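Understanding the architecture of this molecule
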Amino acid sequence: MSDKNGGNEELNKIDFSEYEHEHDDKKAHWLVEKTARFIVKNRKITFFLFIFLVLAGTFFIKNIFIDNSIELWFLENDPALVSYNEFKKIYGNDEVIIAMINSGEQGIFTPGFLNKIRQASIDIENKNSTENNEIRRVLSVGKAPYIGLHGSQDLIVEDIFENTLETQLQADNVKKRFYENKLWPKILADKSLKYAVLIIEPKASKEMDEKRPKIIEFVNEKLRKHGLDYKLAGMGIMYNELNRLSLRDSAVFTMLSYVVLLLVVLILFRSRHLVMVIFVIMLVSSLTFLDVYGFFHQNFNMVTIILPTLIMILCIADVNHIFNHYCLRIPDIMKDREEGLIKVYTDVMVPSLFTSFIECLGFISIVFTPISILKTFGLFAGFSAMAEYVIILMTTPLLFGMIKPDTTIKMARPFVKLNNTFMEWTMKKCGSVNLIFLALLLVCLFGLNKLEVDTYSMGFLLNDNSVRMESDVIESVYGNYLPLEVRLIADKNDGIKEPAFLNKLVKAQTELEKLPDVSKCASFTDVIMRLNQVWTDGKPESYAIPDSSLKVSQLLMLYESDPKNDLEYMVDKKNYKEARLTVRIPMVSASNMEKVQNKVADVLNTIFDNNSNVKVVFSGYVPLYIKLLGYITWSQVTSFGSALIYIFLFIGIIFKRASALVWGIVPNVFPIVATLGVMGFLGLRLDVATVTIASITLGIATDDTIHELFRYYEHLARGKSAKESIFICMFIEGPTVISTSIVFAIGFCVLGFASIKSVIYFGLLISLSMVIAMFAEIFFLPAFIAFMTGFEKPKQIAENQKK
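Report follows, based on the coordinates. (Residues numbered from 1 in each chain as written. Predicted model: local features only at pLDDT ≥ 70, side-chain atom pairs only at ≥ 80, totals over all residues. Heavy atoms only, no water.)

**Examining the overall build of the protein**
The following threshold applies: In DSSP terms, a helix is any run of H or I states spanning at least four residues, a strand is any run of E spanning at least two, and both are numbered starting from the N terminus. Buried means the residue's accessible area, taken with a 1.4 Å probe over protein chains only, is under 20% of the maximum for its type, while exposed means over 50%, and partly exposed covers the values in between. Whether two residues are in contact is decided by their heavy atoms: any pair within 4.5 Å suffices. Per-residue and other accessible areas were derived by the Shrake-Rupley procedure at a 1.4 Å probe size, with only the shown protein chains allowed to occlude residues. This count recognises Lys and Arg as positive and Asp and Glu as negative, with His and chain-terminal groups excluded. Lysine's charge is taken at NZ, arginine's at CZ, aspartate's at CG and glutamate's at CD.
Helix and strand content of the protein: 28 helices and 10 strands. Judged by the C-alpha coordinates and their principal axes, the protein covers about 110 × 50 × 45 Å. Going through the 803 residues of the protein one by one, you find that 62% of them count as buried. Excluding contacts between residues fewer than 6 apart, the proportion of contacts in the protein whose partners are at least 24 apart in sequence is 80%. On the protein, roughly 32600 Å² of surface is accessible, and the fraction owed to carbon and sulfur atoms is 60%. Side chains of the protein give 83 positive and 86 negative charges; the mean places of these two sets differ by 3 Å.

So, in structure tokens, the structure goes:
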């Protein structure tokens, strides 16, 4: 007995033979035993039928794509998304591509360079091209509207230059025209005039996410064709890179993680049988999830990409529990393989069903979030929790039944001696263990108080990522390029034609550009002032707003009569009730965007006197990002709070004991608080990617707790003391908790080598959570139970034993 129990005196006083040989088969519910007998006896039929269905379902995998666009985070009727869609309907796409092109030491105003810029702009915008018809317009020094006069009476609207330049004199004339509209020097070149900028606007489309890669490649192809030295930036460029890396990381590092998991299992368990079983389960579980995900035409993103790994992890956890009981039942299996397997599945079916259902409740709670992608994550994570139970019952009986039983298999159960040593020390020092965990909890709560909520999509890319580096270069040379869109809505038709409104808008642009984080403001006032200058005396002081609405209307009528006018990009042409104001801000996190937006709002409200005659509405991508901040906090509170309520209420129901609620909550909440506390200390923000960590940790950690409590109450009901029940419980389940936690922690650590920070953080933080959860299960839970039951009176203990 001493060999088996690692020489621990306390354990040697306990008789484990009752579990190892007779256990509780006679008391097992007849339905459980009958079900176990059915799945074991029909294991070949169920296995091959299930595999056939999984293979047939791979037909639907082709429906899955990668998509990280921000619109997918919002529900269809979300006011922020509705406003954004209204903006696109009126003005088109604000997801522009910025191409900054190096002209060399001679500057942009040379004939050769200007000709290249113009031809590249034409090729990209060419609406008759069979290669691409998804570009709405291109603005550049070679293709931007010029407003002037032909002769002394005829207003012309044409490109800054339209013919091939032959001489430097012609190039100088282009430069003169370029500066006559004060907007173009701000947005189409850097201040040194060494770099020209192309603003490329794709058409607004519901299929934009699918078309984006082709659009970007088309732009690259045309710029390379003309031998231009360029860098690209923009929201679409960033999304495309996140999609590319998500696909690559999900394939490379997920597979690498699987390989590492198998190697760790082999090293720890020294059992090629278990490795083969887990290998098959990995393939089957991942394919099962992909089949279902594809059937419902769902796309992966930086959050949901981990779902196939999640279902695989849940399956491995149950496989380890089954293998643990398989090792304990070796005498029965050697005597009669089929009857032994029936006993194994009778042992694990009920606790595994409980854990799967509780995990499902925890994951499903995420659907209460207002973030669309997290709702999808919660639904399919909940599906994964229940699907893994079915997968295990359909496949593992045949796989374990193929193993030739041998007494040496018992040696494959790792960490038995270490676990027993931990148990004995914990029981002797239960008071000290509780104090240590209490102190750690207080420290973690302090760290949790430092945790910030923010999200930064560009920040998901590593610092040496080419897309991020090019974005940084463009911002350092050209300046801000991210558009913050503002809709200024008057209370009547033609309201934006009034000089009072227009002068306030001009003043607003001037004041906004004085802010440190705002630049390159643009609106249709630039067109009005240029029209007024051209149509009067052409003097610099005439670059101003006319003094009457009638004059403004006349100028706009003249401008609209030219087919090359661009008013549709700047105003609501139907009623002239709304004007678009675009300001450029830095590519920063959502919380910093909110600060900039608030400063812009203060300026606009001050200049427009908070007048109800003009409504200020922020639109475009930036307000969507800002909206996510509140949603992330709300999602964390609602999902985690509801998960706690559902999970532990169900724990109380299945065990029919109030104490189970306490024993269940303490070891499962601590890892989450600890992980979030570490994030606070390290300055890692709670964002759209890390917000799911708490729910996932709770779901996985609860699995071990249920198995432990199931054994604890099982032996308590047989008349064992609380201390003896803890020892038996931990002897049976402890080694599995340690080995499974180590396997998961090492497997997830592999994600630390990924290319997207969200994947890196997710992998490392989940690894940390698994380690903390292991210590909570091995040390804190037994110590807490021992400490609390030590205060019970003998009469209370006797009553508990009768239950």
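**A word on the packing of helix α24 (residues 658-682) against helix α25 (residues 693-716)**
Packed helix pairs are characterised by how far apart their axes lie and by the angle those axes make with each other. Operational definition: Every axis in this analysis is a line fitted to C-alpha atoms, fitted for helices over the stretch in contact. Angles between the N-to-C directions lie between 0 and 180 degrees. In a left-handed crossing the near helix is turned counterclockwise from the far helix by less than a right angle, and in a right-handed crossing that turn is clockwise. Residue classes follow a fixed rule: Ala, Val, Leu, Ile, Met, Phe, Trp, Tyr, Cys and Pro count as nonpolar, while Asp, Glu, Lys and Arg count as charged, and any other residue, Gly among them, counts as polar.
Interaxial distance between α24 and α25 falls to 9 Å at its minimum, and their mutual angle equals 145°. Crossing geometry of α24 relative to α25 is assigned as right-handed. Judged by residue contacts, Ser-659, Ala-660, Trp-663, Gly-664, Pro-667, Asn-668, Pro-671, Ile-672 and Thr-675 of α24 engage Ile-693, Ala-694, Thr-697, Leu-698, Ala-701, Thr-702, Thr-705, Leu-709, Tyr-712 and Tyr-713 from α25. In the contact of α24 with α25, the residues fall into 12 nonpolar, 7 polar and no charged.

**Topic: the packing of aromatic side chains**
For clarity, the threshold we go by: Pairing of aromatic side chains here covers Phe, Tyr and the six-membered ring of Trp, requires ring centres within 6.5 Å, and sorts the geometry by plane angle: under 30 degrees stacked, over 60 edge-to-face, intermediate tilted. Two limits define a charge over a ring: the Lys NZ or Arg CZ must be within 6 Å of the ring centre, and within 35 degrees of the ring normal.
This structure, assessed with the given rule, holds 36 aromatic pairs. Ring geometry for Phe-323 against Phe-400: centres 6.3 Å apart, planes inclined by 25°, an arrangement best described as stacked. Pair noted here: Phe-323 is in helix α12 (residues 307-328) and Phe-400 is in helix α15 (residues 372-401), with a separation of 77 residues, a long-range link. Across this residue pair, the class does not change: Phe-323 and Phe-400 are buried. Taking the ring centre of Phe-161 as reference, the NZ or CZ of Arg-118 above it sits at 5.8 Å. Sitting above the plane of the Tyr-569 ring, Arg-137 keeps its charged end 3.6 Å from the centroid.

**Some words on empty space enclosed by the protein**
Using the following cut-off: For each structure, a 1 Å grid was placed over the protein atoms alone; sets of points admitting a 1.4 Å probe that cannot get out are labelled cavities, open sets with protein on both sides within 12 Å along at least five of seven lines are labelled pockets, and lining residues have an atom within 4 Å of a point. Grid points are joined across faces, edges and corners, and a volume is the space filled by probe spheres set on the points.
Counted by the stated rule, this structure contains 11 cavities of 30 Å³ or more. Along the walls of the largest cavity sit 28 residues, with Arg-137, Leu-139, Ile-187, Ala-522 and Arg-584 positioned nearest its centre. Counting residues per element, the ones that place at least two in the lining of the largest cavity are β2 (135-139), β3 (145-150), α8 (183-187), β5 (195-202), β7 (482-490) and β9 (578-585). Residue classes in the lining of the largest cavity are distributed as 17 nonpolar, 4 polar and 7 charged. Every residue along the wall of the second largest cavity is listed here: Ser-246, Asp-249, Ser-250, Thr-254, Ser-257, Ile-305, Ile-306, Thr-309, Leu-751 and Val-759. Looking at the lining of the second largest cavity element by element, the count peaks at 5 residues for helix α10 (residues 235-269). Across the lining of the second largest cavity, the residue classes tally to 4 nonpolar, 5 polar and 1 charged.

**A short note on the environment of Asn-133**
Tracing the chain through its elements places Asn-133 in the loop between α6 (111-125) and β2. You can call Asn-133 partly exposed: its relative accessible area is 42%. Along the primary structure Asn-133 and Asp-562 are separated by 429 residues, whereas in three dimensions their C-alpha atoms are 24 Å apart.

**Structural notes on the nonpolar core**
So the rule is basically this: In plain words, nonpolar cores are sets of buried Ala, Val, Leu, Ile, Met, Phe, Trp, Tyr and Cys residues tied together by side-chain atoms within 4.5 Å.
In this structure, Trp-73, Leu-223, Tyr-345, Phe-400, Leu-512 and Phe-524 are the most contacted members of the largest nonpolar core, which totals 280 residues. Dropping the residues within four chain positions of it, Phe-400 is found in contact with Val-277, Val-319, Ile-322, Phe-323, Tyr-326, Leu-341 and Tyr-345.

**Quick look at the sheet that holds strand β6 (residues 229-233)**
What counts, and what does not: Criterion used throughout: strands pair if DSSP finds at least two bridges between them.
Ordered by their spatial adjacency, 4 strands build an open sheet running β2-β5-β1-β6, and the pairing between neighbours is antiparallel. The strands lining the two open edges of the sheet, one partner per strand, are β2 and β6. Sheet twist, expressed as the average angle between the axes of neighbouring strands with direction ignored, equals 20°. With 4 bridges joining them, β2 and β5 adopt antiparallel strand pairing. Across the sheet, the residue bridging to Ile-135 is Pro-202, located in β5.

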